[in-house]
Structures are given as C-alpha cells and as structure tokens.
Amino acid sequence: MVLKQISRHDFLRLVGLGGGALFLSACVPDNLKSAAFPTAGTQTTGTELYGTPEVEIALSAIEGETQILPGKATRVWRYLAEVLNGPTESLKVIPDSYLGPIFNVQKGQTIRVHFTNELSEESIVHWHGLHVPIEADGHPRFAIKPGETYVYDFTVLDRAGTYWYHPHPHRRTGPQVYYGLAGLFVVSDDEEGALDLPSGDYDLPLVIQDRLFDEDNQLVYGGRGMMDQMMGFLGNRVLVNGQPDFTLPVATRPYRLRLHNGSNSRVYKLGWEDGTPLTVIATDGGLLERPIQKDYVTLAPAQRIEVWVDFNGRAVGEQLRLVNLPSAAPDSGVLYPIMTVQVEREENVSAQLPELLSTLSLRSEADAVNRRSPREFRLAMDRGMNWTINGRTFEMTATARDEVVKLGDLEVWQFNNQDGGGMGMMGGGMALPHPMHVHGLQYQIIERKISSAGRSAWDTLSDGFVDEGWHDTVLVMPGEQVKVLLKFEDFTGLYLYHCHNLEHEDMGMMRNYLVEA
Ligand SMILES: [Cu+2]
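Residues numbered from 1 in each chain as written. Predicted model: local features only at pLDDT ≥ 70, side-chain atom pairs only at ≥ 80, totals over all residues.

Draft legend 1. Local environment of the overall build of the protein. Across its full length, the protein carries 7 helices and 34 strands. Across the 517 residues that make up the protein, the buried fraction comes to 48%. (Helix = DSSP H or I, 4+ residues; strand = E, 2+ residues; numbered from the N terminus. Buried ≥ 20, exposed ≤ 12 C-beta atoms within 10 Å, placed from the backbone.)

Draft legend 2. Quick peek at the sheet that holds strand β34 (residues 510-516). Reading across the sheet, the 5 strands line up as β25-β34-β33-β29-β31 and stay open at both edges, with mixed pairing between neighbours. With partners counted over all chains shown, the strands left at the sheet margins are β25 (404-406) and β31 (473-476), one partner each. Along the sheet, successive strands turn relative to each other by an average axial angle of 25°, direction set aside. Bridge count for strand β29 (residues 434-438) against β31 is 4 bridges, and the pairing is antiparallel. (Pairing = 2+ DSSP bridges. Axes fitted to C-alpha atoms, helices over the stretch in contact; angles between N-to-C directions.)

Draft legend 3. Quick look at the environment of E82. Structurally, the position occupied by E82 is in strand β3 (residues 74-85). On the basis of neighbour counts, which here come to 13 C-beta atoms within 10 Å, the residue E82 falls in the partly exposed class. Counting along the chain gives 26 residues from E82 to E56, while the straight-line C-alpha distance between them is 8.7 Å. When sequence neighbours within four positions are dropped, the list of residues in contact with E82 reads I57 and A58. (Contact = placed C-beta atoms within 7 Å.)

Draft legend 4. Layout of the sheet that holds strand β21 (residues 319-324). Pairing is mixed across the open sheet formed by 5 strands, whose spatial order is β14-β22-β21-β16-β19. The sheet is open, and its two edges are formed by β14 (247-251) and β19 (297-299), each paired on a single side. Shown here is a sheet whose adjacent strand axes are inclined to one another by a mean of 25°, direction ignored. Bridge count for strand β16 (residues 268-272) against β21 is 3 bridges, and the pairing is antiparallel.

Draft legend 5. Expanded view of the confidence of the model for the protein. Looking at the protein, the pLDDT average stands at 89 and 88% of residues meet or exceed 70. Contacts for the low-pLDDT stretch residues 1-43, under 50 throughout, to residues beyond four places or in other chains number 70 contacts. (pLDDT = per-residue confidence, 0-100.)

Draft legend 6. Highlighting the pairing of strand β33 (residues 493-499). With 3 bridges joining them, β29 and β33 adopt antiparallel strand pairing. Opposite H437, over in β33, you have H498 as the bridge partner. Alignment of β33 against β34, held across 6 bridges, turns out to be antiparallel. The partner of Y495 across the bridge, within β34, is Y513.

Draft legend 7. Expanded view of the environment of H170. Structurally, the position occupied by H170 is in the loop between β9 (161-167) and α3 (173-178). With residues near it in sequence (within four places) discarded, H170 still touches P140, F394 and M396.

Draft legend 8. View of unusual backbone geometry. The phi dihedral of N217 falls on the positive side, at around 65°, and the residue is not glycine. As for its position among the elements, N217 is in the loop between β11 (203-211) and α5 (226-231). Of the residues examined, N217 has 16 C-beta atoms within 10 Å and is grouped as partly exposed. Residue D331 is not a glycine yet carries a positive backbone phi of 65°.

Draft legend 9. A look at the environment of S90. Among the secondary structure elements, S90 is positioned in the loop between β3 and β4 (91-92). Given 22 C-beta atoms within a 10 Å radius, S90 is considered buried. In this structure, the C-alpha to C-alpha distance between S90 and V55, residues 35 residues apart in sequence, is 7.5 Å. Apart from residues no more than four positions distant in its own chain, S90 is found in contact with V55, I57, V83, F103, N104 and V105.

Here it is as structure tokens:
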C-alpha cells in the first residue's frame, strides 16, 4: 500500500517558505550524513553488577540485507543476539524481519547484555521504558565506536509489559532506527501470569513502521533534507514486523496483540475497518486496571498499546483489516490499511477477559512536591528553525537549573505545545505533535488542556488517547498542555527527556534531567 506523501510544495506552504527552494537545497543536515570512525579494539565499558546474572546475552548491531519487497534484497542495519547463559527462550526471533530478536524476560531477573557495535559509526542501546541505573540507560554520552563493546547490567524492576530497545547516539538515532535497529523487550510477571491471557502463538507483537523505498528496493532516508527534519521522516509504505502488506493468519479464538509504533515520526489512528471496537488491556508500562473499549486508538511514535481481540464468531476465510483512519496527524488525511487479519481455521476456544486485570499503585497529584507550580516545558521551534524545549537544544552533559530533580520526589511536569492550533505555520511558530518521552521511569498522564485554536485538529485524534495506566511517552498536540506525574526513584544521575519524533530528537529536541540524591 502506497501512501500519499506531502509534496515539497505542500511543505513549503506549510512552513511559510514558499519559493525558498535555494534555502532547502543548500541545507544538508549534519544528522543525515554518515559519520565514519576508525575501528578500535574491543573495549569494555559499563558496569558489571552481578557475579553471575540470570540471563546473559550477546547483542550486536550489524549491517546486512533482508528480503522485504519482491526482487532485490534491501540493505538494512539490524540487531543480532544470542543467549550466552540462562533460559534459551529469553530471546525470540521474528522470522523474515530486520527487527531485532524479542527479549523475553521475567520481572526480577538479573540481566547482562554485551552490546558490540559492528556498524561503521557510533551507537549505543537504550532500553525504552525500563527503570534502569544510568549506566544501563544508553545515554548518548556512552556511545561506543565501531568494534567496541558496552556491558549493561540491570535487574528487571518493571512490571509485565511491552518495552523496546533501540539506538540512541546523538544526531543518529533517526537513521539508525530507520535502517532497522529496533526490537521489543517483553517482561512477564506473576500477576500477569495468573490472568491466563492468550499466550504463545496467540500473543503476538505487531511493530508498525513506515518506510520509503527507491526503485532498487533500497531504503531512502533524509531525501527531503530540511523537510524531513522539520516534519520528521514520513514514508510511503507501512511495514508490520518488517514486512509489507502484512497478513496475520488467525484462528477463531482470543488473541493478545501488542501494537508498537516503531515509526520515526508517523502518528497512527488505528481501528478495525468494520468498526469493531478495540479492547485495550495495556499501555507503555503494562496492564491497565480494567480493559477499556475504544472505537480507535491513537498511537504516537515509541508508544505501545495492547489489545485483546476475540475472533470467535468469525467465519473461516473472513478477512478483517486494521486501518489507519483519517486524522489531522501529518500525512494522515486518508484511510490506509495497516494489516489484514485472515481467519484461517476453527479453534473455537473461548475465554473471558478478566474484568480486573491489575491493581495499579497510582500516585496522587496532591502528594507532588510541586503541585502548585508544575515544572513547565515549552515545546517550540526557534528562529533558527531548531526544535527546542524551553528554548534550548541538547547539550551532552549539561543541565539547566530547572532540570535538576531530587531523588524520591514526586513531581508534576507540564508539556506545553503552545505554537498555534492547526498543523502548520501558526503564530510565528510551526505546529506539530510532539510525543514526549522521559527516560528511566513510567509516569501517569493526569491532565490535558487544548487551546481553542488547536481544538479541531485535536478532536480528530483525542478519543483514541489511552491516558489510563503507566506511560513513558505521551503525545502532546499543537495547542495542548499535558500534565504528567512522575517519581524519581532508586537511581541518581543524568537521564534524558525528549521528543520521540526521531528527527526532532536528532535536531536537538532533547535535554538532560539530573536526579540528585
Ligand atoms: Cu517533536
């Protein structure tokens, strides 16, 4: 399925640069160039915390190729992994995919990952959504050169849920993820195990990504220069688990589908084409207290949503499409298919979804140390056309005075995407959605406020927000203020918060926050 793309002409109109072609062609962004480093000898960094961890894995990032489209194979970058010690089911490979193997671990397990960079440029791995010590968080200052190895030691402290891992080198996260470096990190625990949810072949990951191919079946990135940076990369084909025109064969029984938006910048509004509601059971940080029915779900880059879906009552041979519904998200004005479900066999296994999925220990805003004056983060483009947070762009090891928090504190953070209303050039700034990610923890979304100018675009997506439960990434729409409640526990050090539109992030829409004892 080929999507409509915003043309360069549309983009120029959008940013109010009509006729500024020279300006665009003169600009070859730094983050779209490939940096080459001499290969260094193997070197171990990071911290070994455990004598013998329960799970020990060798992970490498390599350049290779894989069959995606008919004809010529596509050059990709990918993660390969191998279990060195511990249960062999700690890794699950997705067949015929460039995606990294799925880590499949238990809460409480001690993990060691030896990450070897076999690319021709710097890289480092971030465990997205996991509560880990700073040495294991994959901050860009820990990026390693080609040939080097970084050792991660951490205990899986997070509850059962669908987390993920991806590269995080400064200015190169967008292209590295785009060329294929990403994988899921699935945590199980006893609470979840007792629910008897669909498991094994009935518990399926669905990683949704958009890509752009040339006539030679090769991935194209950054071809639109400044436009890719401003908007974020937008492809013209949807891949699910690394495959085009994805079809999921199912039986007449319940399934657990783990939807992950692994795209660089595309926001999806997902629904079943026949209007069947979605039963949402989990968000970024695991199970909700109770299942929630939604006509559609809005899934921003980096976010995960799990749905429980029962194909009982469907006829063998029946097809059902998961589609992207039209919305005001960039490049999303039309309906297009994400994947096709093909009912291929009778199993007639029936199972009820429990009414109570989990007991969440949610926190109260009244207990926040700054409940009267939330820490505010203004998301905007500056005059130099950089995406900024409070007027600043990324500095590798610096924090401003208002980016220091205290270990143990519960705080309210407020993200203000105040530039204008509709998408495009408004009030002197450019209005785009920003999916805001905070490293090292899961937070609660406690309030949204939308400006009158932003209302009409917001209305096309907002019924699909699942704000209940735990989150590590929240979509902040143009004209919107979103309050989140977060607690800084267990670990001190320099963590990141940033926009997870990867092109915005690479441009500098990322800052450190420092957790002090
Ligand atoms: Cu952004």
